[in-house]
Amino acid sequence: MDFQHGEWYRARMPHAPSRPGIHKFGGASLADADAIRGAVAIIRSRPSPRVVVVSALAGITDLLVDLVTRAVAGDADGALQAVSAYRRVHHAAVDALLGGSTDELRAAIDSASSELEALARSLAVLREASPRVRDHIGARGERLSARLLAAALSESGDKVMLVEPAEIIITDGPYGGASPDLAATRTAARRVLLPLLRKHITVVVPGFLGRAPDGGTATLGRGGSDLTATLLGRALDATSVTLWKDVPGLLTADPRVVPDARLLPHVHVREAAELAYYGAKVLHPRALLPLADRKIPLFLRPFATPDAPGTEISTRRDVGRSPVRSLSAVRDQALVTVSGSGILGVPGMAARTFGALQAEGISVSLIAQASSEYTIDFTVPADTAKHAVAVLRHAFRTEIAQGELDGVEVRGRIAVIAIVGLGMAGHPGIAARVFDALADGGVNVVAIAQGSGEQNISVAVDAAQVSEGLRRIHSAFQLGKLGGGQSHRRTGCDVILLGAGTVGRAVLRLIPRRPERFTAVRMVAVVDRSGAMIDGAGMTTRTLKAIAAAKEAGEAIATLSGATPGTPADILAQLSQRALVRPIVIDCTADDTAGLLTMVADAGWDVVLANKKPLAGPWPRTARLREALTRGGGRLRHEATVGAGTPIILAVEQLIATGDRIRSLEGSLSGTLGVVLSGLDAGEPFSEVVYRALREGYTEPDPRDDLGGIDVARKAIILARMLGQTLEVGDITIDSLVRRGARATREAWLADLPRDDGWWRARADAARAKNHSLRYVARVTPRSVSVQLREMPRSHPLSQLHGSANQLVISSDRYHESPLVITGHGAGPEGTATGVLADLLTLASA
Ligand code: ADP
Ligand code: ASP
Ligand code: MG
């Protein structure tokens, strides 16, 4: 077996048997029972003694944070749902993982859950939570995951001891992001742990936590388990510290954003520190501090393939490597500018600026001072921007009053990209290449700074452009070609479903019915007005069914466990920042989504529509959407917008594409109106047939939406625009079948309906006398559109239609003598969903 550097060292040092290896398992490595079993196998294969640091199970810390957010917003139900998800996930892990007696563990899960329930209720009343309370709740993830892993390890035959983190990790506070006291931690950790390690007992420690000065348990800030591991590494003079990750190691960029990110087999501590500080989530920003002056090697290794070498972080300098090594980004920043000619004359301006911010605990990530010294720009986390501005306006109130300073301004929605590499020092032209790459991508640079150490250039850009910026810089420096091997190769398509109403739910139900048909598509997000379920790996058929069932029961997606709350615009903006593979968005809403879709079309997404509004709404919006699709290279399919699953759009498109000239499109395009009018034809009273259509589920909840003709008008507009017209729904006269009570309540209108029966009977009889049938007909030519109730001769194909069937009669130069007639099932959620899925498969396979 290959010795890792540190293990080799240990093997040569028989007098130091208590120097342990530290192994930290992140949340992603603890996703389910199989993953925990994997962790157990890895631990057991490593030399003893060992210390195991454990993160919360995947998603649990987010869930606990969300629990508090909901509770303090007064959403007690939401908070309690989070608690029940917490309980369920941990019990499920016990079920799948442990064979022996699990009573104690289950009792621990239940008591933690009951406590959380009580806390959720109180917070919902108090509407506030101190950092101490938040940490108390946040700690609930690691406490249970560590017990679980300890139980599994012990069941596998290891001697295990679970240690309370507050006994060994000592901090100076504050709650919410405590700083460790290195000396006190060393003393405490050695006192508690060395005796155990000497006996070759495997120590399991919940990560992320430490003792606050008042004796409570504080968290070390998000991602803090990495820091727990390096702290213990330092305290115990560990042979090595290994952070087991869901990625092959430290990569040239976040693979979720830059798909061709590569593994870096070796990274200098200073590079790693810059990356961590500038937002590379893979490493906690302060995780490297404890090892800074030690020779303890740190490894980031893939937990899925434990024999792979991963990344070694050390103080060794590599020579002859590419000057730029890796990229990272800090999101959610704001740019603050202090400006004025007086800056020139006021000594120590920069020092005063940053001194004032530091005194308030506001962290600054990028600082740029124009060479003229008329302005100082810097970025701060967006949620501290207001505070920062207030602090500075106060600090400089005299200068501002005397006109020496113009003032302090702030600009939101900024992100900072960091370009990191030790080799950049003394390598001219790097900044110029960064600018060129960004300019090529149309990414606007807001500010730039180069650290004096020249191991980092940071660039502030518009938040919406950060992913594009990262990808551009990554390819400009050819980081995707570095030697360490590719991180991911993904095929297929990532699908985002917008809307889980009747049609969206039908899509969610149909995919699991024939999973073998949909192997090329991954449903990565289902979005409704409240939020989204997001799973970058693609949801299982079980999850899809569960979402459909929950929506059927009237629950909003944001209330489901693991959901991301937010408006559809927020969610799509978030998703468009990810490295999605050939993304396709399916719009099954009935909302005005043209603007939203234009945004993702600009990001190059393909679009599938069941929603008619983006194509039938105001023409300029439709035109903008089409332009964005052309710009971004995305494709549009919208079979379901006319005639549900019947391939009407396909036929019209193909005729146009092959050079045929369409003369007219004439059709019966409403299932409801078909049912109503063919019932009338057969002698049924108008009111009866409307009630029946309603009962049988053909109509919208309010049948007036169908009878008014607006839905058919939208379809006609969509067809007319395919033929090159640019007119609006408002430009055409629409016959309405709602004769009275258009503004009455639905119930009143329905009850009143029989009063129209006589009028309709006379109308139908008159048509029948002429050997005609009443039909609701949309007629579209290259120059005209009409949507009318018409009497059609019995010989006309539209007269032969029955029930809810749709039909389109196409006359063209080619189909002139005998027109092309397309008839099919034109209504119902499943029919519409079939049209959507046909489009989806067309795009996915092309
Ligand atoms: P853990 O489970 O150990 O806490 P994290 O989820 O905090 O791990 O970090 C791993 C994630 O960090 C990866 O899934 C990846 O998306 C992200 N990441 C960001 N930047 C990088 C990078 N340069 N190299 C590797 N992963 C990165
Ligand atoms: N569970 C904590 C978090 O998600 C700490 C960690 O994973 O390192 O932030
Ligand atoms: Mg982490």
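See the structure shown above.
Residues numbered from 1 in each chain as written. Chains lettered and ligands numbered in written order. Predicted model: local features only at pLDDT ≥ 70, side-chain atom pairs only at ≥ 80, totals over all residues. Heavy atoms only, no water.

## Structural notes on the packing of aromatic side chains
In plain terms, the rule: A pair of aromatic rings is counted whenever rings of Phe, Tyr or Trp (Trp by its six-membered ring) have centres within 6.5 Å, and the orientation is called stacked for planes under 30 degrees apart, edge-to-face for over 60 and tilted otherwise. We count a stretch as a helix when DSSP gives it H or I for four or more residues in a row; a strand needs E for two or more, and each element gets its number in order from the N terminus. Only protein chains enter the accessibility calculation, which uses a 1.4 Å probe; a residue whose area is less than 20% of its type maximum is buried, one above 50% is exposed, and one in between is partly exposed. Think of it as a cone above the ring: NZ of Lys or CZ of Arg counts as a charge over the ring if it is within 6 Å of the ring centre and within 35 degrees of the ring normal.
Under the criterion given, the structure shown has 5 aromatic pairs. Both rings, one in Phe-354 and one in Phe-378, keep their centres 5.3 Å apart while their planes meet at 75°; by these two values the pair is edge-to-face. Pair noted here: Phe-354 is in helix H13 (residues 349-359) and Phe-378 is in strand S13 (residues 375-381), with a separation of 24 residues, a long-range link. Taking the relative accessible area as the measure of exposure, Phe-378 reaches 0% and is therefore buried. For the ring pair Phe-686 and Trp-760, a centre distance of 4.6 Å and an interplane angle of 10° mean the geometry is stacked. Of this pair, Phe-686 sits in helix H26 (residues 686-695) while Trp-760 sits in helix H30 (residues 757-769); the two residues are 74 residues apart in sequence, bridging distant segments of the chain. Given the relative accessible area of 1%, Phe-686 is considered buried. According to the relative accessible area criterion, Trp-760 is buried, its value standing at 1%. Of the aromatic side chains, those joined through ring pairs into one cluster are Phe-686, Trp-759 and Trp-760. Sitting above the plane of the Trp-759 ring, Arg-739 keeps its charged end 3.9 Å from the centroid.

## Let's talk about helix H19 (residues 541-552)
In plain terms, the rule: To estimate the expected span of a helix, subtract one from its residue number and multiply by 1.5 Å. Note that the arc is computed from the directions linking the helix axis to the C-beta atoms. Any two residues having at least one pair of non-hydrogen atoms within 4.5 Å are treated as being in contact.
Spanning 12 residues, H19 covers 16 Å between terminal C-alpha atoms, matching the ideal 16 Å at 1.5 Å per step. Burial in H19 covers these residues: Leu-544, Ile-547, Ala-548, Ala-550 and Lys-551. Seen from one end, H19 has its buried residues packed into an arc of 165°, which puts them on one side. Structurally, H19 contributes buried residues whose contacts are with helix H18 (502-513), strand S18 (521-527) and strand S19 (531-534). Backbone geometry just downstream of H19 places Gly-554 in the positive-phi region, at approximately 85°.

## Overview of the environment of Ile-656
Note that Ile-656 resides in helix H24 (residues 648-657). With sequence-adjacent residues up to four places away left out, Ile-656 is seen in contact with Ile-662, Met-722 and Leu-723.

## Focus on the sheet that holds strand S20 (residues 564-565)
Sheets are built from strands paired through backbone hydrogen bonds, the pairs being either parallel or antiparallel. Operational definition: Two strands are counted as paired when DSSP detects at least two bridges linking them.
A sheet is described by the order of its strands in space; here 7 strands give the open sequence S20-S19-S18-S17-S21-S22-S23, paired in mixed fashion. In the strand order of this sheet, the two ends are held by S20 and strand S23 (636-637), each with one partner. Where strand S21 (residues 584-587) and strand S22 (residues 606-609) come together, 4 bridges link them in parallel fashion. Directly across from Ile-584, in S22, lies its bridge partner Asp-606.

## Comments concerning the state of the cysteines
As a reminder, the rule being used: Sulfur atoms of two cysteines make up a disulfide when they are within 2.5 Å.
As enumerated under the stated definition, the model contains 0 disulfides in all. Considering cysteine sulfurs only, Cys-588 is the nearest to Cys-493, which forms no disulfide, with 16 Å between them. Judged by its relative accessible area of 1%, Cys-493 is buried. By relative accessible area, which is 9% here, Cys-588 ends up buried.

## Remarks on helix H7 (residues 140-155)
Taking 1.5 Å as the rise per residue, H7 with 16 residues should run 22 Å; its terminal C-alpha atoms sit 23 Å apart, in good agreement. Those residues of H7 that sit buried are Arg-140, Gly-141, Glu-142, Leu-144, Ser-145, Ala-146, Leu-148, Leu-149, Ala-150, Ala-152 and Leu-153. Phi for Gly-157, located one or two positions after H7, is positive at around 105°.

## Topic: the site of ligand 1
As a reminder, the rule being used: In this text, near means that some heavy atom of the residue lies within 4 Å of the molecule or strand in question. Contacts described as polar in this section are N or O atom pairs within 3.5 Å, which, within protein, must combine one atom able to donate a hydrogen with one able to accept it, while residues neighboring in sequence count only if both atoms come from side chains. In this description, accessible areas are obtained by the Shrake-Rupley approach with a 1.4 Å probe, and a residue is regarded as covered only by the protein chains that are shown.
Surveying the vicinity of ligand 1 reveals 17 residues, the closest of which are Lys-245, Leu-251, Asp-254, Arg-256 and Lys-281. Lys-24 places a side-chain nitrogen or oxygen 3.0 Å from an oxygen atom of ligand 1. In this structure, an oxygen atom belonging to ligand 1 sits 3.1 Å away from a main-chain N or O atom of Gly-27. Coverage of ligand 1 by the protein chains reaches 92% of its 570 Å² of free accessible surface.

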